[in-house]
Amino acid sequence: MLQVQLFTLYPEVFPGPLNKGIYGKALAKNLWSLNVINIRDAAKDKHKTVDDTPYGGGSGMLLKPDVLASSIDKNIKKGERIFYLSPKGKKFNQNIAQDLSKVNSFSLICGHFEGVDERILSTRNIEEISIGDYVLSGGETAALVILDSVLRLLPGVLGNEKSASDETFENGLLEYPQYTKPQIWEEKLVPKVLLSGDHSKIKDWRLSQSEAITRDRRPDLWQKYKKK
Ligand code: SAH
C-alpha cells in the first residue's frame, strides 16, 4: 500500500477530490493512505507562528525552517523521498508519476506565502518539484495534481489496468483520437478502419495517428520518440 504524507497549512483541503470516484474507493479499499500533517502544529510560540519576513528585505513571508523541520522530523519515514512543491523544481512528468506509483511511501510539502527558508531543503534532503511554468499561491493544488497522476497508476485503482498503459505520454506519444456511438453524428462519420474489426489494422492506424498528432503538436516529444 502506498502511504503518502502531506505537510500543509491547510489540512482541511484534503482529501478533497481524492476522496471521490475511483480514489475514494481506493482509499476505502486501503490501496493507498493519506496522512495529512498540519505544519502549524509544530509551531512553539503561543501565536503558533509558522512564517517570518525574509532577510535582506522583499515582500511576503517565508515558512520558518525550525517549525518545518520539527514537523518533518516528527512525521517522516526513514529513507522516504520528500518533495517540496515549488515552481523552481524539476518538472513533474509521467515518468516521475510512474516511479512514485512503485514506492511504499513519499512525502509532499506544500509551501505558502513566498516559499520556505532555503536551508530546510538541503538539511532534510528535500527534492523540489514543479507542476509547470506558472506560479500558484500555494502547494496544495499542485499536490492534488501529483497525487491524481500517481494514484491512477496504482494496481487496482483504475477498473481496467490496460487503460493507463495506452494513454498519452505512456509510450512517448500523445493519444490517438477516439470515438463512440452514434456512428454518424452531425453528419460526421467514425473513421472506417475502427469499424473493420481488423485489430492489426486498427493498431497501425492508431499508431500513425498518435505519431502525426505528436509530430504536429509536440516537437519536443517527437524528437525524443524518434531517437528511441
Ligand atoms: N516566491 C516563490 C513562489 C512562491 S509560490 C518563487 O518565486 O519561486 C507559493 C507556493 O506555491 C510555493 O511555496 C509552492 O509550494 C507553491 N507553488 C507555486 N507554484 C508552483 C508550481 N509551479 N509547482 C508546484 N508548486 C508551486
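S.K.: Give a description of the overall build of the chain that names residues and reports values.
M.R.: When you go through the chain residue by residue, the secondary structure sums to eight helices and nine strands. Considering only C-alpha atoms, the chain reaches an extent of 70 × 40 × 35 Å along its principal axes. Going through the 228 residues of the chain one by one, you find that 39% of them count as buried. Restricting the contact set of the chain to residue pairs at least 6 apart, pairs at least 24 apart contribute 74%. When the accessible surface of the chain is totalled, it reaches about 13900 Å², and 52% of it is carbon and sulfur. Placing the 33 positive and 29 negative side-chain charges of the chain at their respective mean positions leaves the two points 4 Å apart.

S.K.: Which residues make up the domain arrangement of the chain, and what are the values?
M.R.: Examined at the domain level, the chain breaks down into domain 1 (2-151) and domain 2 (166-227). Distance between the C-alpha centres of domain 1 and domain 2: 36 Å.

S.K.: How would you summarise the sheet that holds strand β2 (residues 32-38) if you had to cite specific residues and measurements?
M.R.: Read across the sheet, five strands follow the order β2-β1-β6-β5-β7 without closing on themselves; strand pairing throughout is parallel. Each edge of the open sheet carries a strand with a single partner, namely β2 and β7 (126-130). Geometrically, the sheet is characterised by an average inter-axis angle of 30° between neighbouring strands, direction not taken into account. The pairing of strand β1 (residues 2-8) with strand β6 (residues 105-109) spans five bridges and is parallel. Residue pairing in the sheet places Gln3 in a bridge with Ser105 of β6. Across the sheet, helix α2 (residues 65-75) lies against β1, β2, β5 (81-91), β6 and β7, angled at about 160° from β1, the strand it touches most. The strands touched by helix α5 (residues 140-151) within the sheet are β1, β2, β5, β6 and β7, with β1 carrying the most contacts at an inclination of about 175°.

S.K.: So what about the site of the ligand? Which residues, and what values?
M.R.: Around the ligand, the surrounding shell holds 21 residues, and the nearest of these are Tyr84, Leu85, Gly111, Glu114 and Tyr134. Within the backbone of Tyr134, one N or O atom sits 2.9 Å away from a nitrogen atom of the ligand. Taking Gly138, its main chain carries an N or O atom lying 3.4 Å from an oxygen atom of the ligand. Expressed as a share of its isolated accessible area of 570 Å², the protein-covered part of the ligand is 87%. When residues of the shell around the ligand are traced back to their parent elements, those giving at least two are β5 and β7. In terms of residue count, the dominant contributor to the shell around the ligand is β5 (five residues).

Each value, and the rule that gives it
- Residues numbered from 1 in each chain as written.
- Predicted model: local features only at pLDDT ≥ 70, side-chain atom pairs only at ≥ 80, totals over all residues.
- Heavy atoms only, no water.
- Helix = DSSP H or I, 4+ residues; strand = E, 2+ residues; numbered from the N terminus.
- Buried < 20%, exposed > 50% of the residue type's maximum accessible area, 1.4 Å probe, protein only.
- Contact = heavy atoms within 4.5 Å.
- Areas by Shrake-Rupley, 256 points an atom, 1.4 Å probe, with all protein chains shown as cover.
- Lys, Arg positive; Asp, Glu negative; His and termini not counted.
- Charge placed at Lys NZ, Arg CZ, Asp CG, Glu CD.
- Domains from an automatic or database assignment.
- Pairing = 2+ DSSP bridges.
- Axes fitted to C-alpha atoms, helices over the stretch in contact; angles between N-to-C directions.
- Near = heavy atom within 4 Å.
- Polar contact = N/O pair within 3.5 Å; in protein donor to acceptor, adjacent residues only side chain to side chain.

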